[in-house]
Amino acid sequence: MAGPVAGFVYDNGILTCDGVALPDIAASAGTPVYVYSGALLAERYQAFEAPFAGVPHTLHYAIKANATLAILRRLRELGASADANSGGEIELALAAGFEPRAIVFTGVGKTRAELERAVALDLAAVNVESPGELSRIAALATAAGRTVRVAVRVNPDVDAGTHPHIATGSSATKFGMSIADARALVREMSARPAVRVVGLHVHIGSQITTPEPIARAVDLVTDLARSLMSEGVPLEHLDAGGGLGIAYRPDQTTLSPEAYAAAILPAIRRSGLRLLLEPGRWLIGPCGVLLTEVVDLKSQAGGERFVIVDAGMNDLIRPALYGAWHRIDAAHPRPGSPVRADVVGPVCETADTLGAQRDLPPLEVGDLLVVRDAGAYGAVMASNYNRRPLAAEVLVDRGHARLVRRRQTAADLRQWDE
Ligand code: LLP
């Protein structure tokens, strides 16, 4: 017999996750709580990877999108490697059971301590962001008597067509180096035994919804790779970064993994190199919701109605930070005509609006709402602003809801204060 549908679906008028009713999860874990679908994550992992089956490739999940240990472990079991963006993410990947050679280390501004750790570990690659960083890596590797595998991050000066806060591929941003600088650096580095340039890296931004910028960036980097290889540089891989967008709005057009693969693969085949991918959002974004309880309802001047919930911008900052739109649904909608409302949190800022002007079913205090597509850049970007404890996290794994991150307590927060 087939199991329940993967992900978040209504069953008899109640929203469920992999067959588990969300009100039951709220009753046991409390709110606000992030709820993840293990079944949907498995489906999306396979759907993402399938179109790349014809070329040698490694999928390095971008930990920054969701760094909950249970999610990381699940992705490792599904076959993922890891992309870490800090020393903290490297340690977490190791704790989740990733081998050092399954980890790439990206990030502008790696500290000396982070680089020392990376040198000691023998990672798949350190993605270097500047000539100065590469010199520091070479010096540390020489001192440690080791050889470090590095990939040079290229900034191809391509506009990803996404929100300016998350566009990283134009020459005006702090990321990577120009094609000319990368070429000069790789040539120079070929003579340094402590560093082996094994790849080129490019990541032009996140939440990309059209193929052209991705194809253009990968084409440019492929041309550079081919020209360096013709000079005898023994490259092994091309890392195309992450960035594949998802549909936050029901009518939003995005790229399928097939269309994404079609944009990248012609160049990769031309290069003959192994393809590395660093997806984050596409894999985990739709697999998570933020489940929250209505704590107050009120009308304001002009008849505006506010639905005040127990999750705020400290739990999910995307609407406040990027003006991001997340679908909001009732977990157990009451019958009746919809009411237009602003869904707001308890934090002392007007920016603390999770969704403005939403048509929601009639609501009462104590009802549950879900903020959808919150699996990526949700819990990871949460803060303790207003001295609010970080929310609990629940993973529905093989049909069973499991608390994978317990809710912080006031005592947890107090322990770091002297
Ligand atoms: N690789 C690198 C080098 C990255 O900088 C990123 C994301 C990724 C991979 C993963 O990208 P994805 O597949 O998830 O698009 N907080 C923002 C998104 C920041 C993305 C940062 N870099 C948001 O909530 O929209």
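As the structure is a computational prediction, the values presented were derived from the model and not from experiment.

### A look at the sheet that holds strand β3 (residues 20–21)
- With antiparallel pairing, the 3 strands of this open sheet are ordered in space as β1-β2-β3. In the strand order of this sheet, the two ends are held by β1 (8–11) and β3, each with one partner.
- As paired strands, β1 and strand β2 (residues 14–17) are joined by 4 bridges and run antiparallel to one another. Along β2, the bridge assignment pairs F8 with C17.

### Overview of the site of the ligand
- Around the ligand, the structure places 20 residues, and the nearest of them are S206, E278, R318, Y322 and Y377.
- G280 places a polar main-chain atom, nitrogen or oxygen, 2.9 Å from an oxygen atom of the ligand.
- At 2.6 Å, a side-chain N or O of R318 approaches an oxygen atom of the ligand.
- Here the ligand, which alone exposes 590 Å², has 92% of that area covered by the protein.
- With respect to the pocket detection grid, the ligand is positioned in the largest pocket.
- Shared between two domains, the shell around the ligand holds at least three residues of each, these being domain 1 (8–37 + 285–414) and domain 2 (38–284).

### With respect to the pairing of strand β19 (residues 392–397)
- In terms of residue burial, β19 counts as a mostly covered element, since 6 of its 6 residues are buried.
- Residues A392, V394 and V396 point to one face of β19 and E393, L395 and D397 to the other, with burial holding for every one of them.
- In this structure, strand β4 (residues 33–37) lies alongside β19, joined through 5 bridges in parallel fashion. Within β19, the residue paired with S37 across the bridge is V396.
- Two strands pair when backbone bridges link them, and β19 and strand β20 (residues 400–405) are joined in this way by 5 bridges, in the antiparallel orientation. Note on β20: the bridge partner recorded for E393 is R405.

### Considering the layout of surface pockets
- Roughly 710 Å³ of internal volume is contained in the largest pocket.
- Looking at side-chain class alone, the lining of the largest pocket contains 13 nonpolar, 13 polar and 9 charged residues.
- Split by domain, the residues of the lining of the largest pocket number at least three in each of domain 1 (8–37 + 285–414) and domain 2 (38–284).

### Brief notes about the packing of aromatic side chains
- This model, assessed by the stated rule, comprises 5 aromatic pairs.
- Ring centres 5.8 Å apart and planes at 50 degrees place the aromatic pair F48 and Y260 in the tilted group. Taken together, the positions of F48 in helix α2 (residues 38–49) and Y260 in helix α9 (residues 257–271) put the pair 212 residues apart, joining distant regions of the chain.
- For the ring pair F48 and W282, a centre distance of 5.8 Å and an interplane angle of 50 degrees mean the geometry is tilted. In this pair, F48 is assigned in helix α2 and W282 in helix α10 (residues 281–284), connecting sequence segments 234 residues apart.
- When its relative accessible area of 0% is taken as the criterion, F48 is described as buried.
- Taken together, the ring pairs in this structure connect F48, F52, Y260 and W282 into an aromatic cluster.
- Directly above the aromatic system of F105 lies the positively charged group of K110, at a separation of 5.5 Å from the ring centroid.

### Some remarks on the domain arrangement of the chain
- Assigned domains of the chain: these are domain 1 (8–37 + 285–414) and domain 2 (38–284).
- If you average the C-alpha positions of domain 1 and of domain 2, the two centres end up 32 Å apart.
- On the domain 2 side, the residues contacting the 25 residues of domain 1 number 27 residues.
- Per-residue buried area on domain 1 facing domain 2 is highest for Y322, W325 and Y377; these three make up 27% of the total on that side.
- Linking domain 1 with domain 2 are 2 salt bridges.
- In this structure, the salt-bridge partner of R398 is E77, at a minimum N-O distance of 3.4 Å.
- Where domain 1 meets domain 2, there are 15 residue pairs in polar contact (both at pLDDT 80 or more).

Cut-offs applied
Residues numbered from 1 in each chain as written. Predicted model: local features only at pLDDT ≥ 70, side-chain atom pairs only at ≥ 80, totals over all residues. Heavy atoms only, no water. Pairing = 2+ DSSP bridges. Helix = DSSP H or I, 4+ residues; strand = E, 2+ residues; numbered from the N terminus. Near = heavy atom within 4 Å. Polar contact = N/O pair within 3.5 Å; in protein donor to acceptor, adjacent residues only side chain to side chain. Areas by Shrake-Rupley, 256 points an atom, 1.4 Å probe, with all protein chains shown as cover. 1 Å grid on protein atoms, 1.4 Å probe; cavity = no way out; pocket = protein on both sides within 12 Å on 5 of 7 lines; lining within 4 Å. Sits in = over half its atoms within 2 Å of the grid points. Domains from an automatic or database assignment. Buried < 20%, exposed > 50% of the residue type's maximum accessible area, 1.4 Å probe, protein only. Points joined across faces, edges and corners; volume = space filled by probe spheres on them. Nonpolar A, V, L, I, M, F, W, Y, C, P; charged D, E, K, R; others polar. Phe/Tyr/Trp six-rings, centres within 6.5 Å; stacked < 30°, edge-to-face > 60°. Lys NZ or Arg CZ within 6 Å of the ring centre and 35° of its normal. Contact = heavy atoms within 4.5 Å. Buried area = accessible area lost by both parts, 1.4 Å probe. Salt bridge = Lys/Arg side-chain N within 4 Å of Asp/Glu carboxyl O.

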